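A structural walkthrough
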Amino acid sequence: MERASSRLKVLALLVVLMFVALSTRLWFLQVLATTQFQREARDNSVRFAYSEPLRGKIYDDRGRPLVENRESLEVRVNRDAMGSDAEAVVLRLAKLLRVPVRVLVERLQTNQYYSYQPIPVAEFVSPHVRDYIGEYQELFPGVEVVPTSVRQYPQGRLAAHILGYVGLIYANEYEKLKSKGYEQTDVIGRTGVEQVYEQYLRGTQGVQKFIVNSNGDTIRALGVRDPTAGDDLHLTIDLRMQRDAERQLADGLARIRGTPTSDRSALLKANAGTVIVMDAQTGAIKAMASSPSYDPRWLVTGLTKAQRTYLYKNPAAPAIDRAIQLPYVPGSTFKPITGLAALKEGFATMGGYYPCDATYTHPGDTSGTVFHNWTTANLGSMSLSNAIRISCDTVFDKFGSDFYFNYVQNQLNDTSLLLQNDLHQFGFGEPTGIDLPSEASGLVPDPAWAAQAKMADGTKLFPDGFVPGIDILTMIGSSYVNATPLQMAQAYGAIANGGHLCRPHVVDQIEAPDGSIVKQPEDRCGRTIPYSAAQLAYIRSALGSVVTSGTASCTFAGFPTSQVWVGGKTGTAERPPYQDTSWFVGMAGKSVNAPKYIVLAMVEQGGFGATGAAPIVRHVIEDLYHLPETHTGGCGGGDL
Amino acid sequence: MDMVAGRVWADERKPVRHIDWVLLLFVAVLTVVGLILLHSISATSPDEAAFWLVRVLKQGATAGVGLLIVVLIASFDYRFFKVYAGFIYLAAIAALILVKIPGIGATDPSGVAQRWFSIAGIQITPSEITKLCVIVMLAAVLSEIRTPEPTLGDLIRVVAIAAVPLVLVFIQPDIGTSIVLTAVVVGMLIVAGTRLRHLVVLTVAGLVMIGLAFQLHVIQDFQVQRLTAFLDRANAPEDARYNLDQSLVAVGSGGLFGRGYLQGSQTNLDYVPRQHTDFIFTAAGEQFGFVGAMFILLLYALILWRAIRIAALSKDPFGTLMAAGIASMFAIQMFVNIGMVLGIMPITGIPLPFLSYGGSSILVSFAAIGMLESIHMRRFT
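Residues numbered from 1 in each chain as written. Chains lettered and ligands numbered in written order. Predicted model: local features only at pLDDT ≥ 70, side-chain atom pairs only at ≥ 80, totals over all residues.

Next up on the list: the overall build of chain A. Secondary structure summary: chain A contains 20 helices and 23 strands in total. Relative to its 640 residues, chain A shows a buried fraction of 45%. (Helix = DSSP H or I, 4+ residues; strand = E, 2+ residues; numbered from the N terminus. Buried ≥ 20, exposed ≤ 12 C-beta atoms within 10 Å, placed from the backbone.)

What chain B contains, in helices and strands, is 15 helices and 3 strands. Looking at the 381 residues of chain B, the share that counts as buried comes to 49%. Considering only residue pairs separated by 6 or more positions, chain B has 72% of its internal contacts joining residues 24 or more positions apart. (Contact = placed C-beta atoms within 7 Å.)

Membership of the largest hydrophobic core comes to 127 residues, with the highest contact counts inside it found for Val-275, Ile-276, Val-277, Ile-598 and Leu-600 of chain A. For this core, the element with the highest residue contribution is helix α18 (residues 485-497) of chain A, accounting for 8 residues. Two domains each provide a minimum of three residues to this core, namely domain 1 (47-235) and domain 2 (331-501) of chain A. Residues contacting Val-275 of chain A, with those up to four places away along its chain left out, are Ala-245, Gln-248, Leu-249, Ala-287, Ala-289, Leu-600, Ala-601, Ile-616 and Val-620 of chain A. Counting residues in hydrophobic clusters, the runner-up holds 122 residues, among them Tyr-78, Ala-139, Val-180 and Leu-248 of chain B. (Core = buried A, V, L, I, M, F, W, Y, C linked by C-beta atoms within 7 Å. Domains from an automatic or database assignment.)

What follows concerns the interface of chain A and chain B. The extent of an interface is frequently quoted as the accessible surface area lost upon association of the parts. Facing the 33 residues of chain A at the interface are 41 residues of chain B. Secondary structure elements with two or more residues in the side of chain A that touches chain B: α1 (4-32), α2 (34-43) and β9 (218-225) of chain A. Counting residues per element, the side of chain A that touches chain B draws most heavily on α1 of chain A, which supplies 19 residues. The residue inventory of the side of chain A that touches chain B, partitioned by class, reads 21 nonpolar, 7 polar and 5 charged. (Nonpolar A, V, L, I, M, F, W, Y, C, P; charged D, E, K, R; others polar.)

Before going further, it helps to spend a moment on the environment of Gly-429 of chain A. Residues and elements named next belong to chain A. Relative to the helices and strands, Gly-429 resides in the loop between α15 (418-425) and α16 (447-452). Spatially, the C-alpha atoms of Gly-429 and Gln-487 are 8.9 Å apart, while their sequence positions differ by 58 residues. Setting aside residues no more than four positions away along its own chain, Gly-429 makes contact with Leu-423, His-424, Ser-441, Gly-442, Leu-443 and Val-444.

Another aspect to go through is the pairing of strand β10 (residues 232-235) of chain A. Residues and elements named next belong to chain A. Along β10, one buried face is formed by Asp-232 and His-234 and the opposite face, lined by Leu-233 and Leu-235, is buried too. With 2 bridges joining them, strand β2 (residues 58-59) and β10 adopt parallel strand pairing. Residue pairing for β10: Ile-58 is matched across the bridge by Leu-233. (Pairing = 2+ DSSP bridges.)

Turning our eyes to something else, we now look at the packing of helix α14 (residues 393-409) of chain A against helix α17 (residues 468-475) of chain A. Residue and element names in this part refer to chain A. Running from amino to carboxyl end, α14 crosses α17 at an angle of 135°, the nearest separation of the two axes being 7 Å. Comparing their axes, α17 and α14 come out oblique. As for the relative orientation of α14 and α17, their crossing is right-handed in sense. Of α17, the residues touching α14 (which contributes Phe-396, Asp-397, Phe-399, Gly-400, Ser-401, Phe-403 and Tyr-404) are Pro-468, Asp-471, Ile-472, Thr-474 and Met-475. (Axes fitted to C-alpha atoms, helices over the stretch in contact; angles between N-to-C directions. Parallel < 35°, antiparallel > 145°, perpendicular 65-115°, else oblique. Left-handed = near helix turned anticlockwise from the far one by under 90°.)

Turning our eyes to something else, we now look at unusual backbone geometry. Residue and element names in this part refer to chain A. Between Ser-291 and Pro-292 the backbone carries a cis peptide bond, its omega angle lying at 0°. Tracing the backbone through its elements, the reader meets Pro-292 in the loop between β12 (285-291) and α11 (305-312). Residues Pro-576 and Pro-577 are joined by a peptide bond in cis, for which omega reads 5°. One non-glycine residue, Ala-159, adopts positive backbone phi at about 55°.

Turning to the environment of Ser-51 of chain A, a few remarks are in order. Residue and element names in this part refer to chain A. Among the secondary structure elements, Ser-51 is positioned in strand β1 (residues 45-51). In the structure, Ser-51 is positioned 157 residues away from Gln-208 in sequence and 8.1 Å away in space, judged by C-alpha atoms. Ignoring any residue separated from it by four or fewer positions in sequence, one finds Ser-51 in contact with Gln-205, Gly-206 and Pro-227.

Residues and elements named next belong to chain A. Within the open sheet, the 5 strands sit side by side as β12-β11-β23-β22-β21. Their pairing is antiparallel. Pairing within the sheet leaves two strands with one partner each, and these edge strands are β12 and β21 (565-575). Strand after strand, the sheet turns through a mean of 10° between neighbouring axes, direction not considered. The pairing of strand β11 (residues 272-279) with strand β23 (residues 595-604) spans 8 bridges and is antiparallel.

Now for the packing of helix α6 (residues 126-143) of chain B against helix α8 (residues 175-191) of chain B. All names here are of chain B. Put simply, α6 and α8 touch, their axes get as near as 10 Å, and they point 20° apart. With respect to α8, the element α6 is oriented roughly parallel. Classified by chirality, the crossing of α8 by α6 is right-handed. Of the residues in α8, those in contact with Ser-127, Lys-131, Val-134, Ile-135, Leu-138, Ala-139 and Leu-142 of α6 are Thr-177, Val-180, Leu-181, Val-184, Val-185 and Met-188.

This paragraph deals with the pairing of strand β3 (residues 65-77) of chain A. All names here are of chain A. Summarising the sheet, β2 and β3 pair through 2 bridges and their orientation is antiparallel. Note that in β3 the partner of Tyr-59 across the bridge is Pro-65. Taken together, β2 and the strand that follows it, β3, pair antiparallel across an intervening segment of 5 residues, in which Gly-63 is found at a positive phi of about 80°. In this sheet, strand β4 (residues 119-122) lies alongside β3 in antiparallel orientation, the contact comprising 3 bridges. Residue pairing for β4: Arg-76 is matched across the bridge by Pro-120.

Moving on to α2 of chain A. All names here are of chain A. Those residues of α2 that sit buried are Thr-34, Phe-37 and Ala-41. Projection of α2 onto a plane perpendicular to its axis shows the buried side chains occupying an angular sector of 65°, all on one side. Turned more than 90 degrees off the buried face of α2, the exposed positions are Thr-35 and Arg-42. (Arc of directions from axis to C-beta.)

For chain B, the average pLDDT comes to 86, and 90% of its residues sit at 70 or higher. Scored by ipTM, the complex comes to 0.93, with pTM at 0.65. (pLDDT = per-residue confidence, 0-100.)

Next up, the structure:
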């Protein structure tokens, strides 16, 4: 090993030769030949080909399809690429597609999209159209025909408000969503579950990456990611119940329109209404109808001017879901709830009797305000149950006074707003949290609200602040308090199921295309209301008596209550300058102790609850239990 | 006085006082450069956007573990390796055999090669570790030769010892590691003082063997095509030609000063396959140009200089031979890998030490540094 160091020099020499070789080569590549390689690098280019995922499907509670996809040949127009002779292109296209030029122009004249966003103008065109446009592309600059998949509604316009619809992403949405991988040609869910569950329904886009040379020839396909279809929604909606609810609502509205108002001065308009069928034990919405409605198929290709006017510029506002998006004064349907509050606070007892006089005046009130019952007769003393059965206002007026005195006496105390707190516990004054968009909160009038409430002319509604009348009117569900029909259904659900305030929902579970469950059904009944089982049972019996011998007894005459127990409350809410809002919130089931469904009907400008909404509820319950449908009618007004 | 002087003497010879900090510094700089390149490859690639952090962090963590391995191995006296050389060698051979047994060794995604164990989600590649085991074994055998230069008998014994793991690696098939092992054997034989005549005979024998391997189709066709792609680009298989073309375009377009960090279109758009592993040098060539590429070559040159210097400083033939073997290993890996990227060497799966992404490669490189440090630290004792 003496010669180790000289041998190491040999090794070092070899290493040096390696470095010389590499450095020389680097010099050649990076200095001498770099221009050629730089040109090659520039000519290298990547193209991406995207493939759209199929949007998730929507099923009812038994797996019957509500929304599917259908292959379509779609005509898209890129307005930026139409060139100088856009008018001629539109004319030619209209002729080819056999649609009026006006319709095409309406679809293209929109500022909701970028001018370079290809706008879909026609679906399901024939291959002939595609071939023609392809062949004479120079006559159709900016026009392309692409295979795509569009929403299909096997049940037609059924459940339109719940399902929502999809539409081309708007320019302002695109700005917000492009970081999430949205493209200008993507559709996006609008309203309904299509909007709320967009992230599930959407799926993942497929991408194929190509390397192309300067001629555009594909040199090599690089990565491929296949598109993944969106997740499927399984709704709580029962297709049959939904169809029945919509039919009964439509029939009911038509029937009411022929009847006179309470003062017989005019015919009822019954312009809009809603029906809700909810599982009282879980909060699952089995059916939810809102009228007027619309056809989601219109939105597949974008709206024509007439459709847009109908949907968005129409006093009837068909786009609005009456069940959740508008609050209404609940009228007497509020009494079971405020009655419970009075029981809880000790202003009423289950054994007590309360005067049902023709009028009520708040003790010590000097303003001369008098609250009238619905009848001028003095009905004597009655139990809380009877006051609900015949819907006596003055009994409840007194409870309102009691709540107000409590407030006055405890103004510095947080718990002084007993009535308001009790109503909030029932879910009023806040959205229920249903998985549908734009839900209204409703209003529980309290001193803070009274301090800032203004009339239409801007003057203060309550110059004296929080006055007793607010509590008194709230007790009978009148004037200022308001709630969405869904909030009413939720509150009645809690009365029905023994005190659980179940969050209403329309999606039961979400399933991935591979069959795995993405989102399990969850228990939404964690909130409870602080009432004893006896108190709730007492109110349920009172609701039963409404149907058998109370305000709705005429409407439910002949109903087989021995087979199906039904309870409920009528409501007739004044809503000047409009005609009265007609309400009936019912519950049905095997017995008074186990109501299964909450069935609610509300009709705008529908007159009395007993004659307007209640028959709709009766018919829906008959459909639910496959009972023979009876002809209702001939029940007079006067009942509230 | 004597006592005091003696203590000073002993103190000065404490191994820990003689760490080769310069070597460690160069290795650290190279590792950081590797992380920077890895980031540029992964962060800009549309496909790999989700993985860039994972890769950089994983590689960084591996380097951290590598540093611990350096400390661990350096704290052992390298002469222990000589005592256990036989065991180390046999263990490596056992691992190479085990990895071929279906169910024990894992197959790569292409289904062709069976090269590693998968233990608790960590890939362990025995052929990487084999390189160090062979170095230790050969150093032990060659250092025991008492004649001024190895006799033909010694030579045959050494070649036989090296041939067993070499063949096992070769049939995996892992041609890259076979090349590295061959170079290590040659390098160590040179340093051991083998006669030129014997080396020539050995080379001729090796070439004949390789010729036979081709003839008997021990090397599969696709491997031959990849190996020869750099010689005949026009007739090379599409896959190999594409890889080489894109590699050359990436490096060549870098020019003198490069296109700037994260500005390289070849790197950003993911044109170069396997860029984060075998072709990582292209990222340096494109983004930092000739200057950057030369800087990396310089770092390797400095590391090799320190390694050969350690071989020369060692008072012990075993240390000298081990250091020389490690130097040969780094040199051939660097040369074949960068040569492949530049189109002057065949396309083989040899990782670039300290730069290529991959756990086993990084850890084995650091272990080798640990061995060099151990030799350097104990050069006086």
